[in-house]
Amino acid sequence: QQQVKQSPQSLIVQKGGISIINCAYENTAFDYFPWYQQFPGKGPALLIAIRPDVSEKKEGRFTISFNKSAKQFSLHIMDSQPGDSATYFCAASGTGAGSYQLTFGKGTKLSVIP
Amino acid sequence: SQTIHQWPATLVQPVGSPLSLECTVEGTSNPNLYWYRQAAGRGLQLLFYSVGIGQISSEVPQNLSASRPQDRQFILSSKKLLLSDSGFYLCAWSGQAPDTQYFGPGTRLTVL
């Protein structure tokens, strides 16, 4: 019930291509969906986040698409660059009282090749 | 602006030795604080979280413990380390709305 399933586990994309990472959740009480970017040896950094009242959010080259009925959300990285090579984690949480946890996916290692 | 610090950055400890990792947050008051562990190539496992001084909730039973002696200080401890305690330990904070968490730079712990 608390899982967030993330795919693929790893992804190789050519420079300039589109990177797509997908996540699915089961808990209908989740109402906040952030994505984190982590470079080797560093802590995860918040990249972009969405709430279920919108179906899409875009910040620069990064877009979250959200499908509430399917309980799925995805990260699209347009014009992927070698500097985007990192591990990406999706997460979900319920913001009701007592909801202190972010449930993370297992991560996707993205490699953007020149 | 808010800043989160962790130290040490790296640590190599023998099995059976004690552990103390420290996390401090600047630029905010009464944050929620979290300890996560990340095993090599794997996701993030929540170990402890705290909503206030002296208030600790444990998510995973193990030989680790956490304490919050001050509002913006969070400490992860162990009396006797196990080989399985090796990993990347991350501290995070959030405001009272717990959704957006901000992570520190992490501590790489190797238990030999």
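This text follows the structure it describes.
Now for a quick tour of the structure. This structure is a prediction, so every number in the text was calculated from the model and none was measured. (Residues numbered from 1 in each chain as written. Chains lettered and ligands numbered in written order. Predicted model: local features only at pLDDT ≥ 70, side-chain atom pairs only at ≥ 80, totals over all residues. Heavy atoms only, no water.)

**A short note on the overall build of chain A**
Piece 1. When helices and strands are tallied, chain A shows 0 helices and 11 strands.
Piece 2. Ordering the α and β elements of chain A from the N terminus gives β-β-β-β-β-β-β-β-β-β-β.
Piece 3. What you see for chain A is a C-alpha radius of gyration of 14 Å, in line with the 13 Å of a compact globule of 114 residues.
Piece 4. Summarising its shape, the C-alpha atoms of chain A cover approximately 45 × 30 × 20 Å along the three principal directions. (Helix = DSSP H or I, 4+ residues; strand = E, 2+ residues; numbered from the N terminus. Rg over C-alpha atoms; globule rule 2.2 N^0.38 Å.)

**A word on the sheet that holds strand β3 (residues 19-26) of chain B**
Residue and element names in this part refer to chain B.
Piece 1. In spatial order, the strands read β1-β3-β8-β7; together these 4 strands make up an open sheet with antiparallel pairing. Every other strand in the sheet has two partners, leaving β1 (3-7) and β7 (64-70) as the edge strands with one partner each. Sheet twist, expressed as the average angle between the axes of neighbouring strands with direction ignored, equals 20°.
Piece 2. Pairing between β1 and β3: 5 bridges, direction antiparallel. Its bridge partner lying in β3, glutamine 6 is registered against cysteine 23. (Pairing = 2+ DSSP bridges. Axes fitted to C-alpha atoms, helices over the stretch in contact; angles between N-to-C directions.)

**What about the pattern of salt bridges?**
Piece 1. The full count for this structure, using the stated rule, is 4 salt bridges over all chains.
Piece 2. Ionic pairing is found between Lys57(A) and Glu59(A), a salt bridge with its closest N-O pair at 3.7 Å.
Piece 3. For Glu59(A), a relative accessible area of 38% gives the class partly exposed.
Piece 4. Arg68(B) is paired through a salt bridge with Asp71(B); the nearest N and O atoms lie 3.3 Å apart.
Piece 5. Given a relative accessible area of 3%, Arg68(B) falls into the buried group. (Salt bridge = Lys/Arg side-chain N within 4 Å of Asp/Glu carboxyl O. Buried < 20%, exposed > 50% of the residue type's maximum accessible area, 1.4 Å probe, protein only.)

**Details of the sheet that holds strand β3 (residues 19-25) of chain A**
All names here are of chain A.
Piece 1. An order of β1-β3-β8-β7-β6 is seen for the 5 strands of this open sheet, with the pairing classed as antiparallel. Since the sheet does not close on itself, it has two edges, and those belong to β1 (4-7) and β6 (56-59), each with one partner. Between one strand axis and the next, the sheet turns by 15° as a mean value, whatever way the strands run.
Piece 2. Bridge analysis of β1 against β3 gives 4 bridges, and the strand direction is antiparallel. Bridged to lysine 5 within β3 is alanine 24.

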